[in-house]
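Letter by letter, the chains look like this.
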Amino acid sequence: MIHGGRLKVDPGRKGAALRILVVGSGGREHALCWAIAASPLCDKLFCAPGNPGIAQDAELVPIGAMELDKLVAFARDQRIDLVVVGPETPLVAGLVDKLEDAGIKAFGPRKGAAALEGSKGFTKDFCARHKIPTAAYQRFDTVEPALAYIRQKGAPIVVKADGLAAGKGVTVARTVAEAEAAAKDALVGGRFGSAGASVVVEEFLEGEIASFFALVDGVEALPLMTVQDHKAVGDGETGPNTGGMGAYAPVAAMTDAMAKRVMDEIVRPTVAAMAREGNPFKGVLFTELMLTRDGPKLIEFNVRFGDPECQVMMMRLKSDLLPALIAACDGELKDFDLRWHPDAVLSVVMAAEGYPDTPKAGGAIRGIERAEALDGVKVFHAGTKRDAAGTLVAAGGRVLNVTARSAGVKAAQALAYRAVDLIDFKEGFCRRDIGWRAVGRS
Ligand code: AMP
Ligand code: GLY
């Protein structure tokens, strides 16, 4: 028994010397590789395409996350036992279908189930069919009816591109004019390409935001953790939305009673209905919630680990991650149990100047070793590369995830910022208030 879970391994292979491929190149994938590399069950770990931080834990493979056929061929040639898909784009494009059809075990949903993230309209209609609590909404693919609906409902109101838009497709409009502009940009201006050819206009929800993660095997859902992300680029939740500027756990607002409601009212009904509709979901179901006065309401589903929420989860995980991922693939999550550090974990994103609009590439980064010399600190690479001279430089919007574990959110926050201050990244910046809801503002 491994932490209560049963591990199935290929009977043709001795013991559990597993060969694993992780797909992706961000901080989330670094955290996954770091956790998987620590598993005694892992014999060989590859990451495609990975980054210089991941290279410390895995052998990098120069195949992009969207080169689906090349990934399948690599997994077949290398006799990979399990492929763990990090980002949403290959999931929505059907990477898991291709892998499974080639007889390769893959962690993550098939394309049909990935629509829970790939199409907001699909998800809203699904919620309506199954009475899953979410904001009231309408879908539009032409502009005039969208504008009429916006005027009728008034502001604040939320306009969302239907498809994947790298976290930028949502406008929380404070005025009717702002909402109208967002609908026009998507439906007429083509701002999000085909992802914005259809929009959802929905009710503005008030409350505290939280990300709830569950591992799902098609039938059973095992709650993992609640993490709070910080989407806005600036301190005090100002400026444009990003993929996430920092995260922490535990989240006080997610009481046991609230978590039970999330499981009973949102997660379990979703898993059951997806299976009934012939679209069973397996992988990580990432439920973004608004904790409103009327209880938890779904903002959106994602079909993968959050980034940077995953980094927080992996640093709190005491159990071996690998058996849990395999149990999710094998439909064996029933009675599975995972153990977590009681300590808090907080992760600060160091981003490149100009993020999210025009992040500056090439800024030199030094001092990660100094930061990691602090007890309880791990720096995950999110967007880095080595330049011709071998210097570590920024190569993305979000560059580093400085992650700290300590007793309580306040101590974890202090430790994370001590580590940040030891890193020399002149063309980078970070928010200084990650975790403010838990520790207050100084
Ligand atoms: P999403 O890309 O759906 O996660 O939305 C980005 C951000 O917009 C969320 O993290 C929320 O802060 C906010 N948001 C989305 N939908 C709503 C809503 N219906 N009411 C209030 N805020 C929302
Ligand atoms: N941090 C939010 C996300 O991964 O979508």
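See the structure shown above.
To start, this report covers the structure provided alongside it. Predicted model, so just to flag it, every value in this text is computed and none were measured.

## Some remarks on empty space enclosed by the protein
And step 1. Taken as a whole, this structure holds four cavities of 30 Å³ or more when the rule is applied.
And step 2. Roughly 70 Å³ of internal volume is contained in the largest cavity.
And step 3. Lining the largest cavity are Leu116, Glu117, Lys120, Thr123, Lys124, Lys160, Glu202, Ile299, Glu300 and Phe301.
And step 4. Where the lining of the largest cavity is concerned, the elements lending two or more residues are helix H5 (111–118), helix H6 (120–130) and strand S16 (295–302).
And step 5. In terms of residue class, the lining of the largest cavity is made up of three nonpolar, one polar and six charged.
And step 6. If you add up the space inside the second largest cavity, you get close to 50 Å³.
And step 7. Lining of the second largest cavity is provided by Leu215, Leu224, Phe305, Met313, Met314, Leu317, Leu321, Ala324, Leu338 and Trp340.

## Observations concerning unusual backbone geometry
And step 1. In this model, alanine 155 is joined to proline 156 through a cis peptide bond whose omega is -5 degrees.
And step 2. Within the element layout of this structure, proline 156 appears in the loop between helix H7 (143–153) and strand S7 (157–161).
And step 3. Across the junction of tyrosine 355 and proline 356, the peptide omega takes the value 10 degrees, indicating a cis bond.
And step 4. Checked against the element boundaries, proline 356 lands in the loop between strand S17 (344–352) and helix H12 (368–372).
And step 5. Located in the positive-phi region is glutamate 237, a residue other than glycine, with phi close to 60 degrees.
And step 6. Mapped onto the fold, glutamate 237 is located in the loop between strand S12 (232–234) and strand S13 (238–241).

## Notes on the side chain of glutamate 117
And step 1. Take glutamate 117: it is sitting in helix H5.
And step 2. By relative accessible area, which is 7% here, glutamate 117 ends up buried.
And step 3. Within the local environment of glutamate 117, its side chain forms a polar contact with the backbone nitrogen of valine 303, the two atoms lying 2.8 Å apart.
And step 4. Reaching out from glutamate 117, the side chain makes a polar contact with the side chain of arginine 304 at a distance of 3.1 Å.

## With respect to the site of ligand 1
And step 1. Ligand 1 sits among 16 residues. The nearest are Glu202, Glu203, Leu205, Glu288 and Glu300.
And step 2. At 2.7 Å, a side-chain N or O of glutamate 288 approaches an oxygen atom of ligand 1.
And step 3. Expressed as a share of its isolated accessible area of 470 Å², the protein-covered part of ligand 1 is 91%.
And step 4. At the level of elements, S7, strand S8 (170–173), strand S9 (199–203), strand S15 (282–292) and S16 are the ones that each hand at least two residues to the shell around ligand 1.

## What to know about the packing of H7 against helix H8 (residues 176–187)
And step 1. Contact geometry of H7 with H8 gives a least axis separation of 10 Å together with a crossing angle of 165 degrees. It follows that H7 is roughly antiparallel to H8 by the angle criterion. Regarding H7 and H8, the two cross each other, and that crossing is right-handed. Judged by residue contacts, Val143, Ala146, Leu147, Ile150 and Arg151 of H7 engage Val176, Ala179, Glu180, Ala183, Lys184 and Leu187 from H8.

## So, the packing of helix H1 (residues 27–37) against helix H10 (residues 309–316)
And step 1. H10 packs onto H1 with a crossing angle of 20 degrees between their chain directions and a minimal axis gap of 8 Å. Here H1 is positioned roughly parallel relative to H10, judged by the angle of their axes. Where H1 crosses over H10, the two elements pack in a sense that is left-handed. On H10, the residues that touch Gly27, Arg28, Ala31, Leu32, Trp34 and Ala35 of H1 are Cys310, Gln311, Met314 and Met315.
And step 2. In terms of residue class, the contact of H1 with H10 is made up of seven nonpolar, two polar and one charged.

## Quick look at the pattern of salt bridges
And step 1. All chains considered together, the criterion is met by 28 salt bridges.
And step 2. For lysine 282, the salt bridge is made with glutamate 100, and the minimal N-O distance between the two is 2.6 Å. Of this pair, lysine 282 sits in strand S15 while glutamate 100 sits in helix H4 (residues 95–101), and the two are 182 residues apart along the sequence.
And step 3. For aspartate 125, the salt bridge identified is with arginine 139, shortest N-O distance 2.5 Å. Here arginine 139 lies in strand S6 (residues 137–140) and aspartate 125 lies in helix H6, a separation of 14 residues in the sequence.

Conventions we followed
- Residues numbered from 1 in each chain as written.
- Chains lettered and ligands numbered in written order.
- Predicted model: local features only at pLDDT ≥ 70, side-chain atom pairs only at ≥ 80, totals over all residues.
- Heavy atoms only, no water.
- 1 Å grid on protein atoms, 1.4 Å probe; cavity = no way out; pocket = protein on both sides within 12 Å on 5 of 7 lines; lining within 4 Å.
- Points joined across faces, edges and corners; volume = space filled by probe spheres on them.
- Helix = DSSP H or I, 4+ residues; strand = E, 2+ residues; numbered from the N terminus.
- Nonpolar A, V, L, I, M, F, W, Y, C, P; charged D, E, K, R; others polar.
- Buried < 20%, exposed > 50% of the residue type's maximum accessible area, 1.4 Å probe, protein only.
- Polar contact = N/O pair within 3.5 Å; in protein donor to acceptor, adjacent residues only side chain to side chain.
- Near = heavy atom within 4 Å.
- Areas by Shrake-Rupley, 256 points an atom, 1.4 Å probe, with all protein chains shown as cover.
- Axes fitted to C-alpha atoms, helices over the stretch in contact; angles between N-to-C directions.
- Parallel < 35°, antiparallel > 145°, perpendicular 65-115°, else oblique.
- Left-handed = near helix turned anticlockwise from the far one by under 90°.
- Contact = heavy atoms within 4.5 Å.
- Salt bridge = Lys/Arg side-chain N within 4 Å of Asp/Glu carboxyl O.

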